[in-house]
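# Reading the structure
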Amino acid sequence: VHILRNVRSAKKTEKGFHDDMFWRLQGSESLEKYAQHLADFQSNFPNTMVYLKDIDPSKWVRYAQLKKGAHTFGWRSNNAGEIAQGSWLGTMRAMHPLDFFAAVQIKAYETLSTAAKDHSTWRAQQGDVSLPLEGVVPHGVKLYQERSSASVSCTVSRIIGQQGFVSYRSPNTGIWHPERLVDLDKRQCSCLCFQEYMFPCKCAL
């Protein structure tokens, strides 16, 4: 998000590109895709392309972050911290310092109490035999259920050891997505979701 804002405000960069072009570049699944999406800026936005090219991909592009071992769990931007700070502190930031610290103590107590209740709920759910995965938080169970349903639309073309080539056909459009390489030993998929979430993607399932 910060990079996009900086590109939009920089003096020499062109401003006419659509945000989707930027997010496709940021979400590149490989070095090849990164080069391809970067080249999309060349014809109409050459200065913007140079600006983005000068930024180390490992600092912000998806494939490079995951290659370093980062796990973003689906977050596309590190702006989440600022958003959370704004929503958590809210109007308290405008208070007198003494009032601020008193309010923060109350807010922290409320937050921790809510977290404790959520934890108790989760612990109680672990005894529910209807849950498909033992010891997995509710969000993980939901993710598993969604991806299990989607995996029905996957086709495995060939298997070599613990590696398999998987294609997904959208049940809504009937369009086949690009073939993915899954490695169960390494817990990896070329779609990057397995590495990003540390949780099996529909291809792996």
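Everything that follows concerns the structure shown earlier in this document.
To start, this report covers the structure provided alongside it. Since the structure is predicted, the reported quantities are computational estimates derived from the model, not experimental observations.

## A short note on helix 1 (residues 2–9)
Where helix 1 is concerned, the buried positions are I3, L4 and V7. Projected down its long axis, helix 1 shows its buried positions confined to an angular sector of 100°, all on one face. Considering only its buried residues, helix 1 is in contact with helix 2 (19–26) and helix 4 (46–53).

## A few points about the packing of aromatic side chains
For the coordinates displayed, the defined rule picks out seven aromatic pairs. Relative to W60, the ring of F22 lies with its centre 5.3 Å away and its plane at 25°, an arrangement referred to as stacked. Taken together, the positions of F22 in helix 2 and W60 in the loop between helix 4 and helix 5 (62–67) put the pair 38 residues apart, joining distant regions of the chain. Each member of the pair F22 and W60 is classed as buried. The lysine or arginine in question, R147, covers the ring of Y197, its NZ or CZ lying 4.6 Å from the ring centre. When the ring centre of F165 is taken as reference, the NZ or CZ atom of R158 above it lies at 3.9 Å.

## Quick look at the side chain of R147
You can see R147 is positioned in helix 8 (residues 138–151). For R147, which is buried and forms no salt bridge, the nearest opposite charge comes from E146, at a distance of 6.3 Å. Residue contacts for R147: discarding those within four places in its chain leaves Y197, F199, P200, C201, K202 and L205.

## Some words on unusual backbone geometry
Notably, L192 is not glycine yet its phi reads approximately 75°, a positive angle. Tracing the chain through its elements places L192 in the loop between strand 4 (188–189) and helix 9 (193–197). With a phi close to 55°, M198 is a non-glycine residue in the positive phi region. Mapped onto the secondary structure, M198 falls in the segment after helix 9.

## Topic: the pairing of strand 2 (residues 163–168)
With five of six residues buried, strand 2 lies mostly within the body of the structure. Note that strand 1 (residues 154–160) and strand 2 share six bridges and pair antiparallel. Counterpart to C154 in the pairing with strand 2 is Y168. From the end of strand 1 to the start of strand 2, which pair antiparallel, there are two residues, and G161 there has a positive phi angle of about 65°. Sheet topology note: the strand 2/strand 3 (residues 180–183) ladder contains four bridges and is antiparallel. Counted as the bridge partner of V166 is R180 from strand 3.

Calculation notes
Residues numbered from 1 in each chain as written. Predicted model: local features only at pLDDT ≥ 70, side-chain atom pairs only at ≥ 80, totals over all residues. Heavy atoms only, no water. Buried < 20%, exposed > 50% of the residue type's maximum accessible area, 1.4 Å probe, protein only. Helix = DSSP H or I, 4+ residues; strand = E, 2+ residues; numbered from the N terminus. Arc of directions from axis to C-beta. Contact = heavy atoms within 4.5 Å. Phe/Tyr/Trp six-rings, centres within 6.5 Å; stacked < 30°, edge-to-face > 60°. Lys NZ or Arg CZ within 6 Å of the ring centre and 35° of its normal. Lys, Arg positive; Asp, Glu negative; His and termini not counted. Salt bridge = Lys/Arg side-chain N within 4 Å of Asp/Glu carboxyl O. Pairing = 2+ DSSP bridges.

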